Amino acid sequence: MTQQDTLAPVLRFLHSATPQAWIDCARRPENLPLLLTDHMICELKAAQTALLLIRKYVADKRGGEALLAWLSPYEAFTFRNGPEPDIAALNKRIGKSVMPHTDDPWGQALIERMVLLIKEELHHFLQVREVMIARNIPYVKITASRYARGLLREVRTYEPAALVDKLICGAYIEARSCERFAALAPYLDEPLEKFYLSLLRSEARHYQDYLLLARQVSSEVIEPRIRAIGEAEARLILAPDSEFRFHSGIPA
Ligand SMILES: [Fe+2]
Ligand SMILES: [Fe+2]
């Protein structure tokens, strides 16, 4: 599968491409520490989002707690000045024993796809962290962008509509990440370009996993919701934004 094959459905799904003004800001060497820091946090937040879905909709208490323990070293480092997480932490926490189980086919599909997604996002987290360490970029806490918050405003407040909308939001966040990695890659130095291109395939798969789960859980046609959330996503990407982040709008 070529890079073009991976990207084509992502670009069709999104309602707008990343504006050149964002790319011009992102490629500036002085913005690289901020970009990598936010990217690293986004990987953790992607894992947290997936974990939350499993805990809220499927897992029993024990399974949910095991999954929480899996993420806690990353959260401790990122939000509470904890020690540096490493690959050993990632591998130690994965295993059939931590995985919740359900007899509901949809719930089991959610568990399986989201656990794989969490594993991949945590791996990406460590990869970004390694890039930062190699480039002597210290981790400094930053504020979150308006993007995820803005998207989640579109989520309806009753079930199962809320779940369907959350899954569609997840699809857009993953698709946008994939599109941005590809848009930015040619402007970066060679090792970073290679790294960003290496992430495309998994992020493209994550967006499709979310959409598949949304279609499976909904008894209605979800196209109107996909369109509405897609339009909201594009508005966030195309509106002026005072804060530069991985998913920010047009730099003001
Ligand atoms: Fe990722
Ligand atoms: Fe992802």
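Thresholds, definitions, all that
- Residues numbered from 1 in each chain as written.
- Chains lettered and ligands numbered in written order.
- Predicted model: local features only at pLDDT ≥ 70, side-chain atom pairs only at ≥ 80, totals over all residues.
- Heavy atoms only, no water.
- Helix = DSSP H or I, 4+ residues; strand = E, 2+ residues; numbered from the N terminus.
- Buried < 20%, exposed > 50% of the residue type's maximum accessible area, 1.4 Å probe, protein only.
- Contact = heavy atoms within 4.5 Å.
- Donors = N, O, S within 2.8 Å, 3.2 Å for Na, K, Ca; no water.
- Tetrahedral: all angles 85-135°; square planar, octahedral: opposite > 155°, others 65-115°.
- 1 Å grid on protein atoms, 1.4 Å probe; cavity = no way out; pocket = protein on both sides within 12 Å on 5 of 7 lines; lining within 4 Å.
- Points joined across faces, edges and corners; volume = space filled by probe spheres on them.
- Nonpolar A, V, L, I, M, F, W, Y, C, P; charged D, E, K, R; others polar.
- Core = buried A, V, L, I, M, F, W, Y, C linked by side-chain atoms within 4.5 Å.
- Phe/Tyr/Trp six-rings, centres within 6.5 Å; stacked < 30°, edge-to-face > 60°.
- Lys NZ or Arg CZ within 6 Å of the ring centre and 35° of its normal.
- Axes fitted to C-alpha atoms, helices over the stretch in contact; angles between N-to-C directions.
- Parallel < 35°, antiparallel > 145°, perpendicular 65-115°, else oblique.
- Left-handed = near helix turned anticlockwise from the far one by under 90°.
- Polar contact = N/O pair within 3.5 Å; in protein donor to acceptor, adjacent residues only side chain to side chain.

As for the side chain of Thr37
1) Next: On the secondary structure map, Thr37 appears in helix H3 (residues 32–57).
2) Next: Looking at Thr37, the relative accessible area reads 5%, which means it is buried.
3) Next: When residues no more than four places from it in sequence are discounted, the contact partners of Thr37 are Met132, Tyr139, Val140 and Ile142.

Looking at the coordination of the iron ion (ligand 2)
1) Next: Each protein donor to the iron ion (ligand 2) is listed here as Glu121 (OE), Glu174 (OE), Glu203 (OE) and His206 (ND1); together their distances run 1.8 to 2.2 Å.
2) Next: The coordination sphere of the iron ion (ligand 2) comprises four donor atoms, whose angles at the metal cover 87 to 147°; the geometry is irregular.
3) Next: Counting along the primary sequence, the residues that act as donors to the iron ion (ligand 2) give the motif E-x52-E-x28-E-x2-H.
4) Next: The two metals, the iron ion (ligand 2) and the iron ion (ligand 1), are separated by 3.5 Å and share Glu121 as a common coordinating residue.

What to know about the layout of surface pockets
1) Next: Roughly 820 Å³ of internal volume is contained in the largest pocket.
2) Next: Along its surface, the largest pocket is lined by 35 residues, and Lys45, Ala46, Thr49, Ala148 and Ile173 are the ones closest to its centre.
3) Next: Elements represented by at least two residues in the lining of the largest pocket include exactly H3, helix H7 (147–152), helix H8 (161–184) and helix H10 (200–217).
4) Next: Its residues placed into classes, the lining of the largest pocket shows 17 nonpolar, eight polar and ten charged.

A look at the nonpolar core
1) Next: Core analysis: the biggest nonpolar cluster contains 79 residues, and Leu35, Leu36, Ile54, Met114, Ile118, Leu167 and Tyr196 have the highest contact counts within it.
2) Next: In this view, Met114 contacts Ala50, Leu53, Ile54, Tyr210 and Leu213; residues no more than four positions away in its chain are not counted.

Comments concerning the packing of aromatic side chains
1) Next: On inspection of all chains with the given rule, the structure shows eleven aromatic pairs.
2) Next: Between the aromatic rings of Phe77 and Phe125, the centroid separation amounts to 6.5 Å while the plane-to-plane angle is 90°, which identifies the pairing as edge-to-face. Of this pair, Phe77 sits in helix H4 (residues 61–80) while Phe125 sits in helix H6 (residues 105–134); the two residues are 48 residues apart in sequence, bridging distant segments of the chain. Exposure class is identical for Phe77 and Phe125. Each is buried.
3) Next: Of the aromatic side chains, those joined through ring pairs into one cluster are Trp22, Phe181, Phe195, Tyr196, Phe244 and Phe246.
4) Next: One Lys or Arg, Lys56, reaches over the ring of Tyr57 and ends 5.5 Å from the middle of that ring.
5) Next: Here the guanidinium or amino end of Arg180 rests over the ring plane of Trp22, the centre of that ring lying 4.1 Å away.

Here we look at the environment of Lys61
1) Next: Relative to the elements of secondary structure, Lys61 occurs in helix H4.
2) Next: Considering only alpha carbons, one finds Lys61 and Pro100, 39 residues apart in sequence, at a separation of 9.2 Å.

Quick word on the side chain of His124
1) Next: Locating His124 in the fold gives a position in helix H6.
2) Next: Apart from the residues lying within four places of it in its own chain, the contact partners of His124 are Glu43, Leu199, Ser202, Glu203 and His206.

Points about the packing of H3 against H6
1) Next: Across the interface, H3 lies against H6 with an axial gap of 8 Å and an inter-helix angle of 165°. Taken as axis vectors, H3 and H6 run roughly antiparallel relative to one another. Between H3 and H6 lies a crossing of left-handed hand.

Here we look at the coordination of the iron ion (ligand 1)
As a benchmark, a tetrahedral metal site with four donors has ideal angles of 109.5 degrees, while an octahedral site with six donors has ideal angles of 90 or 180 degrees.
1) Next: Only Glu43 (OE), Glu121 (OE), His124 (ND1) and Glu203 (OE) from the protein reach the iron ion (ligand 1) as donors, at distances of 2.0 to 2.2 Å.
2) Next: Between the four donor atoms coordinating the iron ion (ligand 1), the angles at the centre fall across 85 to 142°, so the site counts as irregular.
3) Next: All donors of the iron ion (ligand 1) come from a single chain, and their spacing in sequence reads E-x77-E-x2-H-x78-E.

What about the environment of Gln20?
1) Next: Along the chain, the position of Gln20 falls in helix H2 (residues 20–26).
2) Next: For Gln20, a relative accessible area of 40% corresponds to the partly exposed category.
3) Next: C-alpha separation for the pair Gln20 and His101, spaced 81 residues apart in sequence, amounts to 45 Å.
4) Next: A distance of 3.4 Å separates a polar atom in the side chain of Gln20 from a polar atom in the side chain of Tyr187.

Details of the packing of helix H1 (residues 3–13) against H8
1) Next: With their axes 10 Å apart at the nearest point, H1 and H8 run at an angle of 125° to one another. Looking at the two axes, H1 sits oblique to H8. Handedness of the crossing formed by H1 with H8: left-handed. Residue-level inspection shows Leu7, Val10, Leu11 and Phe13 of H1 in contact with H8, the latter providing Ala171, Tyr172, Ala175, Cys178, Glu179 and Ala182.
2) Next: Taken together, the residues that form the contact of H1 with H8 break down as nine nonpolar, no polar and one charged.

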